[in-house]
Amino acid sequence: MSRVQPHYFGAGPALLPVEVLQQAAVDLLNYKDSGLGLGEISHRSALAVSVVDSAKANIKQLLAIPDTYEIFFLQGGGTGEFSAVVYNLLAAFALKTGTKGKADYLITGSWSQKAAEEAARFGVDVNVAVDARKASADGKSYGTIPDPSTWTLGTAEDTAYVYYCDNETVSGVEFPYIPSVPEGVELVADMSSNILSREFDVTKFGLVFAGAQKNIGMAGVTVCIIKKELLTRPSEGDLVALGIPLAPLVLDFPTIVKNNSLYNTLPIFNLHIVNLTTQLLIDNGGLKHQEAVSGAKAKKLYDALDAAPEGVYNCLVENAFRSRMNIVFTVPGEGKEKAFLEGAKERGLTGLQGHRSVGGIRISNYNAVGEKSIDLLVDWVNRFAASS
């Protein structure tokens, strides 16, 4: 069973490594000579538990996660985590302070904006510590990260957590650093679109989560990494008395961890894709190697866009905050973007349309996108510019 790797740049669900798909196809039919495929076995069988444990071990190795943190998997995607963060982090804060606490949000794109809106729906006192739209020319667009000196962060006495999205897929904004927060305040990061594309210090965070369908797997699995001390909380009665909403059990982190991510029916085949993908990353040299590859691919694309004659391409993000994962730009002029996309399609380059909310062009440079695909796209960027 084989496949020629397509030159696909979709933002997610995204391209997967051919080696992973080939092995997964075999395992979907008959896993480890059990006579059953991975989509058929019991999620609490020894075979399924081994998939869970192996995926956890791979992620722990790749990110050098210390024993003071727990890795677990659940469903609901990044959007489900918008709610889960509220339930679980407020509960942990209540144990420490006996109060409900508020939450700081760094809004640098549509996903952090949606997360803040979801928190507000639950009655959380949301402090928008920074809104990057206010730094834009029109007051509406995302394209930068304001200087941290302008952020209005709370304190450890009143703030349960600071939330941010490490890479905004729609606007193409990525943090080049880990935000500093007041001592005693937990940092929460949505890394759905750039996790395992570079190294980072897990111990800077209270919680990191990522939907798998960008860099490390298929939709249906969310990876969570949490500081173990945050898994302890007051009684449900105490939480209700403080006005803190109780988490549905499928989003209750202590419940999920206690059951080794198998409280309910986890999609084991989807998690197997995560397991195979993370093992491939290890085999290829780990995150130091992947970070170099991701950066080199992104540089080729940005260099080509910047080298074009003025007015051919309009890059929308301030240079210092340009995403390595999602390169966004427009092609000014009547019919120009359509011509760019049609020409790309003729060359087998697909998945380049910008998000429906903003339009334009979006090149998603996830781990599985090969250098050959990038080189072909760079050639088309150059050719289109020369003919414009």
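All figures in this text were calculated on a predicted structure; none of them were measured in a lab.

## Looking at the pattern of salt bridges
Here is step 1: Scanning the model with the defined rule gives 16 salt bridges in all.
Here is step 2: One salt bridge connects Lys300 with Asp375, and the closest N-O pair in it is separated by 2.8 Å. Separated by 75 residues along the polypeptide, Lys300 in helix 8 (residues 286-307) and Asp375 in helix 10 (residues 371-387) bring together distant segments of the chain.
Here is step 3: Since its relative accessible area comes to 37%, Asp375 is described here as partly exposed.
Here is step 4: Three or more residues are tied together by salt bridges with common partners; here these are Asp166, Glu174, Arg198 and Arg324.

## What about the pairing of strand 3 (residues 102-107)?
Moving residue by residue along a regular strand, the side chains alternate between the two faces of the sheet.
Here is step 1: In terms of burial, strand 3 is a largely internal element, six of the six residues being buried.
Here is step 2: Side chains of strand 3 alternate between two faces, with Lys102, Asp104 and Leu106 and Ala103, Tyr105 and Ile107 buried alike.
Here is step 3: The pairing of strand 3 with strand 5 (residues 159-165) spans four bridges and is classified as parallel. The residue bridging Asp104 from the neighbouring strand is Val162, located in strand 5.

## Quick look at a nonpolar patch on the surface
Here is step 1: Residues Leu249, Val250 and Tyr263 make up a contiguous nonpolar surface patch of about 240 Å² in total accessible area.
Here is step 2: Note on placement: Tyr263 falls in the loop between helix 6 (253-258) and helix 7 (268-283).
Here is step 3: Under the relative-accessibility criterion, Tyr263 is labelled partly exposed at 33%.

Rules used throughout
- Residues numbered from 1 in each chain as written.
- Predicted model: local features only at pLDDT ≥ 70, side-chain atom pairs only at ≥ 80, totals over all residues.
- Heavy atoms only, no water.
- Salt bridge = Lys/Arg side-chain N within 4 Å of Asp/Glu carboxyl O.
- Helix = DSSP H or I, 4+ residues; strand = E, 2+ residues; numbered from the N terminus.
- Buried < 20%, exposed > 50% of the residue type's maximum accessible area, 1.4 Å probe, protein only.
- Pairing = 2+ DSSP bridges.
- Patch = residues over 30% accessible without salt bridge, like charges linked within 9 Å, V, L, I, M, F, W, Y side chains within 5 Å.
- Areas by Shrake-Rupley, 256 points an atom, 1.4 Å probe, with all protein chains shown as cover.

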